[in-house]
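Single-letter residue listing:
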Amino acid sequence: QLQLVESGGGLVQPGGSLRLSCAASGASLDSYGIGWFRQAPGKEREAVSCISGSGGMTNYADSVKGRFTISRDNAKNTVYLQMNSLKPEDTAIYYCAADSTIRTTCGPFGYDYWGQGTQVTVSS
């Protein structure tokens, strides 16, 4: 069964960068759609970015466009979220999730497997 583990979170100053990793085991991510989500205390979980299981379509929330980049390394069975120009409002627990249905698009719904999350704190 597919297992996902996030890593790479931490404390960073505003304007700094972090790269989050979503490492998979038990199955290949080659044909899985992957989404990154985040949840801050007292707020609803929100979709940040995703990459489709077929064709490599990517989508980003308006709040992170131009700052975040999602990518795959199939050889390492890992998906990344590069986060640049971080802002305090980016502070949240970040989760990755996998969609086992082969799709050419991606969005905020349809994910079957979830990681445990990694904390990102942006503060001076």
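Residues numbered from 1 in each chain as written. Predicted model: local features only at pLDDT ≥ 70, side-chain atom pairs only at ≥ 80, totals over all residues. Heavy atoms only, no water.

Engineer: What am I meant to see in the sheet that holds strand β8 (residues 78-83) here?
Structural biologist: Here four strands make up an open sheet; going across it, the order is β1-β3-β8-β7 and the pairing antiparallel. Each of the sheet's edge strands pairs with one partner strand only, and the pair in question is β1 (3-7) and β7 (68-73). Each neighbouring strand pair of the sheet contributes to a mean axis angle of 15°, computed without reference to strand direction. Of the pairings in the sheet, the one linking β1 to strand β3 (residues 18-25) comprises five bridges and is antiparallel in character. When the sheet's bridge partners are listed, Glu6 is paired in β3 with Cys22. (Pairing = 2+ DSSP bridges. Helix = DSSP H or I, 4+ residues; strand = E, 2+ residues; numbered from the N terminus. Axes fitted to C-alpha atoms, helices over the stretch in contact; angles between N-to-C directions.)

Engineer: Just checking my understanding: could you explain the state of the cysteines for this structure?
Structural biologist: One pass over the full model with this rule turns up two disulfides. What pairs with Cys50 in a disulfide is Cys106, and their sulfur atoms sit 2.1 Å apart. An S-S torsion of about 80° defines the bridge between Cys50 and Cys106 as right-handed. In this pair, Cys50 is assigned in strand β5 (residues 46-51) and Cys106 in the loop between β9 (92-99) and β10 (113-114), connecting sequence segments 56 residues apart. On the accessibility criterion, Cys50 (4% relative accessible area) is buried. For the chain, the bonded cysteines connect in the pattern 1-3, 2-4 when numbered consecutively along the sequence. (Disulfide = S-S within 2.5 Å. Buried < 20%, exposed > 50% of the residue type's maximum accessible area, 1.4 Å probe, protein only.)

Engineer: For this particular structure, what's the right way to read the pattern of salt bridges?
Structural biologist: Oppositely charged side chains may form a pair once their charged atoms are brought near each other. Counting across every chain of the model gives five salt bridges. Measuring nitrogen to oxygen at the nearest pair gives 2.8 Å for the salt bridge that ties Asp90 to Arg67. Of this pair, Asp90 sits in the loop between β8 and β9 while Arg67 sits in the loop between β6 (58-60) and β7; the two residues are 23 residues apart in sequence, bridging distant segments of the chain. Comparing Asp90 with Arg67 shows no difference in burial state: the two are buried. (Salt bridge = Lys/Arg side-chain N within 4 Å of Asp/Glu carboxyl O.)

Engineer: Just checking my understanding: could you explain the nonpolar core for this structure?
Structural biologist: Side chains of a nonpolar character, in soluble globular proteins, are inclined to be buried together. Leu4, Leu29, Trp36, Phe68, Leu81, Met83 and Tyr94 are the most contacted members of the largest nonpolar core, which totals 28 residues. Where this core is concerned, the elements lending two or more residues are β3, β4 (33-39), β5, β7, β8, β9 and β11 (118-122). Sequence-distant contacts of Leu29, defined by excluding residues within four places in its chain, comprise Leu2, Leu4, Cys22, Ala24, Ile34, Arg72, Asn77, Thr78 and Val79. If you look at the next biggest cluster of nonpolar residues, it comprises five residues, including Cys50, Ala97, Cys106 and Tyr111. (Core = buried A, V, L, I, M, F, W, Y, C linked by side-chain atoms within 4.5 Å. Contact = heavy atoms within 4.5 Å.)

Engineer: Would you explain unusual backbone geometry in this entry?
Structural biologist: Outside of glycine, negative phi angles account for most residues, and trans bonds account for most peptide bonds. Residue Asn77 is not a glycine yet carries a positive backbone phi of 55°. As for its position among the elements, Asn77 is in the loop between β7 and β8. Backbone geometry at Ser85 places phi at a positive 50°, although glycine is not the residue there.

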